[in-house]
Amino acid sequence: MKYHFKDLGLSNTKEMFAKANKEGYSVPAFNFNNLEQVQGIIEACVETGSPVILQVSKGARNYIGKEMVPFLAQAAVAYARAKGSDIPIALHLDHGPDFETCKDCIEYGFSSVMIDGSHHAYEENIEESKKVAEFAHQNDVTVEAELGVLAGVEDDVVADAHIYTQPDEVEDFVKRTGVDSLAIAIGTSHGAHKFKPGDNPKIRLDILEEIEKRIPGFPIVLHGSSSVPKQFVDLMKQYGGELADAIGIPDEQLRLASKSAVAKINVDTDGRLAFTAGIREALAKNPKEFDPRKYLEPGKNYMKEFYKEKIKTVFGSEGAYKKGE
């Protein structure tokens, strides 16, 4: 064990989810790939008093460097405490592909990991998820597993077809694996191109309701929940970007889900779009600029302000904890 998450000031997700389910909101889980994105996320959450789960995929962890990731999370904790905020902050592995990756993340200070065995057969998914849960719980680390398949593309996760989670399976799966939360497939999908123009995007709240009856009080997770905001798609196109037919999940449907059993909602694409739109705009308006601070900060600020609004209107987590200055 190189680091334990408690030594970094991090929290696991157990109490975060219990409070969220009790009070009718979802904890935002935002992905990051660099320092500026961490800054945008933590500033938004400190200023709104929202708990937060800082997420990295295997690909993002490789990009940043696995030795550096835990200290970016520790720096986020230090920033929050310096601002007088007591929000809990978790560091989570998003879509862990196997036991070895999850184990390595736990040994590098992650307080939560996801084992994504959804591409395996049911019994194999149970076996892999149970193995991760048993190891993680020895270190007080919480585990998320996935049942069902989300269509779309996110880093190394690619699926052509959507397979809804079967309510009949969830009770058996949770009992046999011992995991702490469950990602389900009810119509959300990964990436920016979730739906086509003319579609009427809907998530299957009826499936969610049935799952909630089968495992009452158990924390549910929604992946692929970016709304793909039109203002950032338009801004990207205005300044030379190409992003055709990008449509996401309507905010009002996500808010309904967050008031029920959904304790965690994942957002990645929205942050990427806001960040990239800010950079494109800054460079287009100041073509002579070569100081990274001058074009990365606008991206960070767009991302921050968008997440603050999302925390208020979608997650419902504003003011759950003490706000910063």
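Please read these numbers as outputs of a predicted model, since none were measured by experiment.

This paragraph deals with the overall build of the protein chain. On a plain count of helices and strands, the protein chain comes out with 12 helices and 10 strands. Over its C-alpha atoms the protein chain spans a radius of gyration of 19 Å, differing by no more than 12% from the 20 Å that the globule rule assigns to 325 residues. Here the protein chain has roughly 13,700 Å² of accessible surface; of this, 50% comes from carbon and sulfur atoms. Counting 39 positive and 51 negative side-chain charges, the protein chain places the centres of these two groups 5 Å from one another.

What follows covers the confidence of the model for the protein chain. Residues with a pLDDT of 70 or more make up 90% of the protein chain, whose mean pLDDT is 90. For residues 157–161, every residue scores under 50 in pLDDT, and the model assigns this stretch 13 contacts once sequence neighbours within four places are set aside. In this model, residues 191–195 is a region of pLDDT below 50 whose contacts with residues beyond four sequence positions or in other chains number 27 contacts.

Enumeration according to the criterion identifies nine aromatic pairs in this entry. Their ring planes at 80° and their centres at 5.9 Å tell us that Phe99 and Phe135 sit as a pair that is edge-to-face. Of this pair, Phe99 sits in helix α5 (residues 99–107) while Phe135 sits in helix α6 (residues 122–137), and the two are 36 residues apart along the sequence. For Phe99, a relative accessible area of 13% gives the class buried. For Phe135, a relative accessible area of 17% corresponds to the buried category. The ring of Phe99 carries the charged tip of Lys131 above its face, separated from the ring centre by 4.5 Å. Across the ring face of Tyr164, the terminal group of Arg204 is positioned such that the distance to the ring centre comes to 5.2 Å.

Moving residue by residue along a regular strand, the side chains alternate between the two faces of the sheet. Counting buried residues along strand β5 (residues 142–147), six of its six residues qualify, which places the element largely inside the surrounding structure. Both faces of β5 are covered, namely the face carrying Thr142, Glu144 and Glu146 and the face carrying Val143, Ala145 and Leu147. Each parallel crossover has a hand, and the one from strand β4 (residues 112–115) via α6 to β5 is right-handed. Sheet topology note: the β5/strand β8 (residues 181–184) ladder contains four bridges and is parallel. Looking across to β8, one finds that Glu146 is bridged to Ala183.

Another point: the sheet that holds β4. If you walk around this closed barrel you meet the eight strands as β1-β2-β3-β4-β5-β8-β9-β10, and the pairing is parallel. Strand after strand, the sheet turns through a mean of 25° between neighbouring axes, direction not considered. Relative to strand β2 (residues 52–57), strand β1 (residues 27–31) runs parallel, the two sharing three bridges. Looking at β2, one finds that Phe30 is bridged to Leu54. Lying over the sheet, helix α2 (residues 35–48) contacts β1, β2 and β3 (89–96), oriented at roughly 165° with respect to β2.

The element α5 is largely enclosed, with a buried count of seven among its nine residues. Looking at the packing, one finds that the buried side of α5 touches α3 (58–64), β3, β4 and α6.

Right, let's talk about the pairing of β8 for a bit. Alternating positions in β8 separate into two faces, Ser181 and Ala183 on one and Leu182 and Ile184 on the other, with burial throughout. Here β8 runs beside strand β9 (residues 220–222); their pairing, made up of three bridges, is parallel. Paired with Leu182 across the strands is Ile220, a residue of β9.

A few words on the pattern of salt bridges. Tallying each qualifying case throughout the model produces 23 salt bridges. With a shortest N-O distance of 3.1 Å, Lys66 and Asp104 are connected by a salt bridge. In this pair, Lys66 is assigned in the loop between α3 and α4 (69–82) and Asp104 in helix α5, connecting sequence segments 38 residues apart. Relative accessible area serves as the criterion here: at 28%, Lys66 is assigned to the partly exposed category.

Within helix α8 (residues 205–214), burial applies to Ile207, Leu208 and Ile211. Along the axis of α8, the buried positions cluster into a sector of 100°, meaning they face one direction only. Summarising the contacts, the buried residues of α8 are in contact with α7 (167–177), β8, β9, α10 (251–258) and β10 (262–267).

What follows is about the packing of helix α9 (residues 230–238) against helix α11 (residues 269–285). For any two helices packed against each other, the geometry is given by the interaxial angle and the distance between the axes. Relative to each other, α9 and α11 sit at 35°, their axes nearing to 9 Å. The two elements α9 and α11 cross, and the hand of that crossing is left-handed. Residue-level contacts link Phe232, Val233, Leu235 and Met236 of α9 to Leu273, Ala274, Thr276, Ala277, Arg280 and Glu281 of α11. A breakdown of the residues in the contact of α9 with α11 according to their chemical character gives seven nonpolar, one polar and two charged.

Take unusual backbone geometry next. Unusually for a residue other than glycine, His95 sits at a positive phi of about 55°. Along the chain, His95 falls in strand β3. Exposure remark for His95: the relative accessible area of 7% places this residue in the buried category. Even without being glycine, Asp140 reaches a positive phi, approximately 65°. Assignment of secondary structure puts Asp140 in the loop between α6 and β5.

Criteria and thresholds
- Residues numbered from 1 in each chain as written.
- Predicted model: local features only at pLDDT ≥ 70, side-chain atom pairs only at ≥ 80, totals over all residues.
- Heavy atoms only, no water.
- Helix = DSSP H or I, 4+ residues; strand = E, 2+ residues; numbered from the N terminus.
- Rg over C-alpha atoms; globule rule 2.2 N^0.38 Å.
- Areas by Shrake-Rupley, 256 points an atom, 1.4 Å probe, with all protein chains shown as cover.
- Lys, Arg positive; Asp, Glu negative; His and termini not counted.
- Charge placed at Lys NZ, Arg CZ, Asp CG, Glu CD.
- pLDDT = per-residue confidence, 0-100.
- Contact = heavy atoms within 4.5 Å.
- Phe/Tyr/Trp six-rings, centres within 6.5 Å; stacked < 30°, edge-to-face > 60°.
- Buried < 20%, exposed > 50% of the residue type's maximum accessible area, 1.4 Å probe, protein only.
- Lys NZ or Arg CZ within 6 Å of the ring centre and 35° of its normal.
- Right-handed = clockwise from strand over helix to strand, strands pointing away.
- Pairing = 2+ DSSP bridges.
- Axes fitted to C-alpha atoms, helices over the stretch in contact; angles between N-to-C directions.
- Salt bridge = Lys/Arg side-chain N within 4 Å of Asp/Glu carboxyl O.
- Arc of directions from axis to C-beta.
- Left-handed = near helix turned anticlockwise from the far one by under 90°.
- Nonpolar A, V, L, I, M, F, W, Y, C, P; charged D, E, K, R; others polar.

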